[in-house]
Amino acid sequence: LEFRRVLFRSRGIMQRRHFLQGTAAAAVAAPAIARAQGKPVRVALGWINNVEYAGVWMGLENGYFKEEGLDVKTLPGGPNAPPPPVTVASGGAEIGYGNWLPYLDALARGNDFVLLAGTFPVSPLGILSLPAKPILKAADIVGKKILVQGPNERTAIDATLALNNLPKQWEPVPAGFSPEPLLAKAGDGYTAFGTNQAVTLEVKMNMVRGKDFFFTSFDSMGYRFYTNLVFVKREYLAANRPIVIGYLKGLTRGWMENAKDPSVAAKLCVNKYGADLGLDLKQQTRQNELQIGMLKNPSKPDLPLLTFDRETLAGPMYAAAKASGRENLPDIDKLVDFSVMQEVNAALKKG
């Protein structure tokens, strides 16, 4: 599991329910957020419980969600778990984490979801290569044999070539989540995450990035998109806005706290939230160090954490979707409710 891409449950609730029952009259007159106290919120993650979700773990550990009156339960993803859009659509979770193209596909199938926040404005997805045949730019992909995990990675390569006006001439080779086939020279490149498999080569194999191997992100080649998108059903937001605001406040605080010391969340993953996954502390710490730098939008560095940039969405992200063959994209203001993070950020400023 340490080679995977991103990268990378209760007595308390009974006590809260007892408290609410004993103070029902006061709750009726209280603000909406107070009435949400003790409300269970299920969050469907896109992958296993690793440091990729450091903000969630810090929010849980430091009680940020509890302060908002929420009892947050995470549902881990992975190769044997349903995608978050499926879980949310079926009522198995209130909040989900998705990625750009699969999320658009879920909308195209008739799901009335709405995006609220984007964790990483810089995607860590890219291509690993070796010095003998380095892949440093989009043109270097042409004619190469690339090890890929699935359809999303194939789409990323095709879209990158299309965005750069290059022919879609490359040979896909099915691969798993370990970069070992690249080292065995089963391909010229390997789709990977700069925060995961590239870190594995550094940590486990003592290879030097930029010397013993190269990692070139799709983002640097023009294929740009936010990752770990936070979404809900539109009807859920309308009926439970205080709960959604509370979750995102706790999550934002979690990511802010995580930036102070990347080793803390890494230890939480290894020893608690992902204790049964065999995670490597050194790898998780290094992954967290790298992803902290990806929380800021390089074109809008002053934008608050988790907050979507309209221009990035309307520009490179929609261009990436169209390059992948997806048409009839929804209007930006129907796709995203920008007012949610605006309210979150305003509340956080007030303290």
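Note that this is a predicted model, so its numbers are computed, not measured.

(A) Seen up close, the nonpolar core. Residues Tyr97, Tyr247, Leu248 and Leu251 are the most contacted members of the largest nonpolar core, which totals 45 residues. Broken down by element, this core gets its largest block of residues, seven residues, from helix α12 (residues 241–258). Among residues more than four places away in sequence, those in contact with Tyr247 are Val43, Val56, Phe65, Leu70, Val72, Ile95 and Tyr97. Judged by nonpolar contacts, the second largest core, of 43 residues, contains Leu107, Leu313, Leu329 and Ile332.

(B) Just the packing of aromatic side chains, in detail. Following the criterion strictly, the structure yields 12 aromatic pairs and no others. Centroid distance Trp57 to Tyr273: 4.8 Å. Interplanar angle 15°. Geometry classified as stacked. With Trp57 in helix α4 (residues 54–61) and Tyr273 in helix α13 (residues 262–273), this pair connects stretches of sequence that are 216 residues apart. Each ring, one from Phe113 and one from Phe231, has its centre 4.9 Å from the other, and the planes form 45°; the classification is tilted. With a gap of 118 residues between them, Phe113 in strand β4 (residues 113–120) and Phe231 in strand β10 (residues 227–233) connect regions that are remote in the sequence. For the pair shown, Phe113 and Phe231 are each scored as buried. One aromatic cluster is present, formed by Tyr103, Phe113 and Phe231 through successive ring pairs.

(C) Region of interest: the packing of helix α7 (residues 100–108) against helix α15 (residues 310–323). Packing of α7 against α15 leaves a shortest axis separation of 10 Å and a crossing angle of 80°. By the angle class used here, α7 and α15 are roughly perpendicular. Taken together, the residues of α15 that come into contact with α7 (itself represented by Trp100, Leu101 and Leu104) are Leu313, Met317, Tyr318 and Ala321. Class assignment of the residues belonging to the contact of α7 with α15 gives a composition of seven nonpolar, no polar and no charged.

(D) A look at the sheet that holds strand β9 (residues 214–217). An order of β7-β6-β8-β5-β9 is seen for the five strands of this open sheet, with the pairing classed as mixed. Sheet topology places β7 (171–174) and β9 at the edges, where each strand pairs with a single neighbour. The average angle at which neighbouring strand axes cross in this sheet is 35°, direction not considered. Here five bridges tie strand β5 (residues 125–129) to strand β8 (residues 189–193), and the two strands are oriented antiparallel to one another. Directly across from Ile127, in β8, lies its bridge partner Thr191. Those strands touched by helix α8 (residues 151–163) are β5, β6 (145–148), β7 and β8, and its axis lies near 145° from that of β6. Against the sheet, helix α10 (residues 197–205) engages β5 and β8, with an angle of about 95° to β8.

(E) Structural view of the side chain of Asp309. You can see Asp309 is positioned in the loop between α14 (281–292) and α15. By relative accessible area, Asp309 is classed as buried at 6%. In this structure the side chain of Asp309 is engaged in a polar contact, spanning 2.6 Å, whose partner is the side chain of Thr312. Not counting the four nearest positions on each side in its chain, Asp309 is found in contact with Tyr226, Asn297, Ser299, Lys300 and Leu303.

Each value, and the rule that gives it
Residues numbered from 1 in each chain as written. Predicted model: local features only at pLDDT ≥ 70, side-chain atom pairs only at ≥ 80, totals over all residues. Heavy atoms only, no water. Core = buried A, V, L, I, M, F, W, Y, C linked by side-chain atoms within 4.5 Å. Buried < 20%, exposed > 50% of the residue type's maximum accessible area, 1.4 Å probe, protein only. Helix = DSSP H or I, 4+ residues; strand = E, 2+ residues; numbered from the N terminus. Contact = heavy atoms within 4.5 Å. Phe/Tyr/Trp six-rings, centres within 6.5 Å; stacked < 30°, edge-to-face > 60°. Axes fitted to C-alpha atoms, helices over the stretch in contact; angles between N-to-C directions. Parallel < 35°, antiparallel > 145°, perpendicular 65-115°, else oblique. Nonpolar A, V, L, I, M, F, W, Y, C, P; charged D, E, K, R; others polar. Pairing = 2+ DSSP bridges. Polar contact = N/O pair within 3.5 Å; in protein donor to acceptor, adjacent residues only side chain to side chain.

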